[in-house]
Amino acid sequence: MNRRKFLQTSSALVASSMEQSAPGAAASPPASGKPNILILFADQFRLDCLGANGNRLIKTPNLDRLASGAANFSNHYVQAAVCVPSRISYFTGRYPHSHKNRVNYTPCDSREVMIQRVLRDNGYQTGSVGKLHFYPPTDAQAMSTGFDRVYLDDGVQSTDPYSDYVRWRKGNDPKADLSIYRPAGSVLAGKNPFHSDVDYEFTPTHWTGMESVKLLREFCASPKPFFLYSSFFKPHSPHVVSSPYDSMYDDVVIPLPKLATLDDMRKLPLPVQKQIARSPLYEVDPTRFQWMYRSYYAGISMVDHEVGQILDELERSGRADNTIIVFATDHGDQLGEHGLEGKNVLFEASVHTPLLVRFPNHVVAGQYSQLVGAVDLLPTLLEFCGLRVSDHVEGQSYAPLITGNADSYTPREAIYCENIIPEVFAPPTRIGTSSYHPFVPGHGEEGILHPDTKMIRTKRWKMNYYPTCDGELYDLENDPGETRNLWGDAAAAEVQRELKHTLLNWLITADENDQIAERWLV
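Residues numbered from 1 in each chain as written. Predicted model: local features only at pLDDT ≥ 70, side-chain atom pairs only at ≥ 80, totals over all residues. Heavy atoms only, no water.

Across its full length, the protein chain holds 16 helices and 17 strands. Radius of gyration (C-alpha) of the protein chain: 23 Å, near the 24 Å computed for a compact globule of 522 residues. Projected onto its principal axes, the C-alpha positions of the protein chain cover 70 × 65 × 45 Å. Within the span of the protein chain, comprising 522 residues, buried residues form 57% of the whole. Once local pairs closer than 6 in sequence are excluded, the contacts in the protein chain between residues at least 24 apart make up 70%. Accessible surface for the protein chain amounts to roughly 22200 Å². Of this, 54% is attributable to carbon and sulfur atoms. (Helix = DSSP H or I, 4+ residues; strand = E, 2+ residues; numbered from the N terminus. Rg over C-alpha atoms; globule rule 2.2 N^0.38 Å. Buried < 20%, exposed > 50% of the residue type's maximum accessible area, 1.4 Å probe, protein only. Contact = heavy atoms within 4.5 Å. Areas by Shrake-Rupley, 256 points an atom, 1.4 Å probe, with all protein chains shown as cover.)

This is the structure:
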């Protein structure tokens, strides 16, 4: 343990002691009355890449084991198609336009109250391992949001100076000079071109699992309830994978999406064209395309293995029956659909994501098709914990729905997402970035006057609205692949008008508790 981690741990112990002895401090309810919370989080994980969701090729035995006893949501949507805004919506239960963390590596308003702070203030041990994506990317910043214990690795090379994983690897891996971001220099013909020479035991995925198990074991040794956020960088690109996972899918032929062409791309609204041009994946070599999918699957199987280690440790602890387990992700991955690799667009592959919630003897396991969002997780967890949900939370608890009390649950008629498209990219001084796309007030970004985009999705329809640009309108019941844009189609004019009206009402009312005071203060 280095000096910084020693001080972090000592501070947490001192704070706990002060809470217990402070005059006038409210007494905490018995620990046995509060459920523990374990969030297993992955980055850029597609809905269709779980065995439990019908994929018969991918190997996810541990997530499937979790799903067998969980509520498995088939219509869960994130509220932003990029890492940081989406994660903050999970943590706060608020939409991006309310918490205002709209693009990666921008500061979050310190007035935003995140779930870790609520739980810590109510007697929980709180810890985070792996990717957080806060700014500044330091453990001090993470602790200021309510985490007692933090072990960081954001998986972005520019944040390596703040990474606990990077420091650990330098002190333990005899091949620490090998890059985790690039494939091996030489690969045998016919083998995975994304193979990495870094041994699996020294990968960020294994480190995140290992440190999560350690912290979970420590938390379970205390009678206090815990909140542990275990966050993996995989299966986010780059798709480099270590042995034995690099060859796990060698003999598997994965069905690939139809490759998009430049003509296909030019039919999309200008903001989407701009975004695709930054991470294009059209007219790509089919063999390399297949290996990319195999490596993406391999990254998921790596995460699944570590999830299994964490679940096994929880079972050994004897605390599993009183622990809420959540598996979620910040967004999906286009993986070549519509000519794009990555996300930052509002197609289903980017915003329609997996969600599993397990709570033994409380949650009724099974498939749930209702529309739910990332903002709904915080109020759901707080309801399970018997804690008050702030009036500023914009999500809706689905606890009644999944505990057999559906009669007291009002299903959503629509779900919403918003994103900066094209996203403001980092300057070229950042490793891996070749261009800079600043937003200039009054002029926009690269000819896009207003890059902010809003999405509304109902049971049947999806509309993406781009101010000053053409939009997108898809009939998802008849066109789940989003190949026929009905925006401006006379036959769909009334649907487009109604969706615009509903979207406007949502924008006006979603944050009304921020805008309207309950009473005069004098």
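The rest of the description comes next.
What follows deals with the packing of aromatic side chains. Summed over all chains, the structure comprises 20 aromatic pairs. The interplanar angle of 45 degrees and the centroid separation of 5.5 Å between the aromatic rings of F41 and Y229 together place this pair among those described as tilted. Pair noted here: F41 is in strand 1 (residues 36-43) and Y229 is in strand 7 (residues 226-235), with a separation of 188 residues, a long-range link. Taken together, a centroid distance of 4.3 Å and an interplanar angle of 0 degrees make the contact between Y416 and W506 stacked. Placement of the pair is Y416 in strand 14 (residues 415-420) and W506 in helix 15 (residues 493-509), with a sequence separation of 90 residues. With respect to class, Y416 is no different from W506; both count as buried. Members of the aromatic cluster, joined through ring pairs, are F41, Y90, F91, F134, F147, F227 and Y229. Over the ring of W291 we find R294, and its NZ or CZ is 4.5 Å from the ring centre. (Phe/Tyr/Trp six-rings, centres within 6.5 Å; stacked < 30°, edge-to-face > 60°. Lys NZ or Arg CZ within 6 Å of the ring centre and 35° of its normal.)

With that out of the way, let us pick up the side chain of S295. Examined against the element boundaries, S295 turns out to sit in helix 11 (residues 286-317). If we ignore the near neighbours within four places in the chain, the residues touching S295 are N192, F194, H239 and V241.

This part is about helix 3 (residues 83-92). Most of helix 3 is tucked away: 10 of the 10 residues are buried. Turning to helix 3, its buried residues are C83, V84, P85, S86, R87, I88, S89, Y90, F91 and T92. Taken from the residues just after helix 3, G93 is the one with a positive phi, measuring 70 degrees.

The 3 strands are arranged 10-3-13 in an open sheet whose pairing can be described as mixed. Both edges of this open sheet fall to strand 10 (352-353) and strand 13 (372-373), since each of them pairs with a single strand only. Two elements, strand 3 (residues 76-77) and strand 10, share 2 bridges in a ladder whose sense is antiparallel. The residue of strand 10 that forms the bridge with Y77 is H352. (Pairing = 2+ DSSP bridges.)

What follows concerns empty space enclosed by the protein. Applying the stated criterion across every chain, the model contains 3 cavities of 30 Å³ or more. Looking at the largest cavity, its volume works out to about 210 Å³. Contributing to the lining of the largest cavity are 17 residues, with I180, P204, F233, K234 and V240 lying nearest its centre. At the level of elements, helix 8 (204-220), strand 7 and strand 8 (241-242) are the ones that each hand at least two residues to the lining of the largest cavity. Of the residues assigned to the lining of the largest cavity, the class counts are 9 nonpolar, 6 polar and 2 charged. As a volume, the second largest cavity reaches approximately 100 Å³. Around the second largest cavity, the lining residues are I39, F41, R87, Y90, F91, I115, F227, Y229, A328, L377, L378 and L381. For the lining of the second largest cavity, the elements supplying multiple residues, two or more each, are strand 1, helix 3, strand 7 and helix 13 (377-384). Taken together, the residues of the lining of the second largest cavity sort by class into 11 nonpolar, no polar and 1 charged. (1 Å grid on protein atoms, 1.4 Å probe; cavity = no way out; pocket = protein on both sides within 12 Å on 5 of 7 lines; lining within 4 Å. Points joined across faces, edges and corners; volume = space filled by probe spheres on them. Nonpolar A, V, L, I, M, F, W, Y, C, P; charged D, E, K, R; others polar.)

Quick look at the nonpolar core now. Counting 67 residues, the largest nonpolar core has F73, Y398 and I402 as the members making the most contacts within it. The element contributing the most residues to this core is helix 13, with 5 residues. Excluding residues that lie within four positions of it along the chain, F73 makes contacts with L47, L355, V357, Y368, V372, Y398, L401 and I402. Listed in part, the 57 residues of the second largest apolar core include C49, V198, Y293 and V307. (Core = buried A, V, L, I, M, F, W, Y, C linked by side-chain atoms within 4.5 Å.)

Attention now moves to the sheet that holds strand 17 (residues 472-475). If you trace the 4 strands from one edge of the open sheet to the other, you get 14-15-16-17, paired in antiparallel fashion. Where the open sheet ends on each side, the last strands, each with one partner, are strand 14 and strand 17. Between one strand axis and the next, the sheet turns through 10 degrees on average, direction left out of account. Across 6 bridges, the pairing between strand 14 and strand 15 (residues 452-457) is antiparallel. (Axes fitted to C-alpha atoms, helices over the stretch in contact; angles between N-to-C directions.)

Within the element layout of this structure, V495 appears in helix 15. Apart from residues no more than four positions distant in its own chain, V495 is found in contact with W461 and L473.

For the structure on display, the rule yields 31 salt bridges. Across the pair R94 and E394 runs a salt bridge whose closest N-O atoms are separated by 3.7 Å. With a gap of 300 residues between them, R94 in the loop between helix 3 and helix 4 (96-99) and E394 in the loop between helix 13 and helix 14 (399-402) connect regions that are remote in the sequence. As far as the burial class goes, R94 and E394 line up, both buried. Notably, a salt bridge pairs E418 with K454, separated by 2.3 Å at the nearest N-O pair. Taken together, the residues span a long stretch of sequence, with E418 in strand 14 and K454 in strand 15 at a distance of 36 residues. Judged by its relative accessible area of 1%, E418 falls in the buried class. (Salt bridge = Lys/Arg side-chain N within 4 Å of Asp/Glu carboxyl O.)

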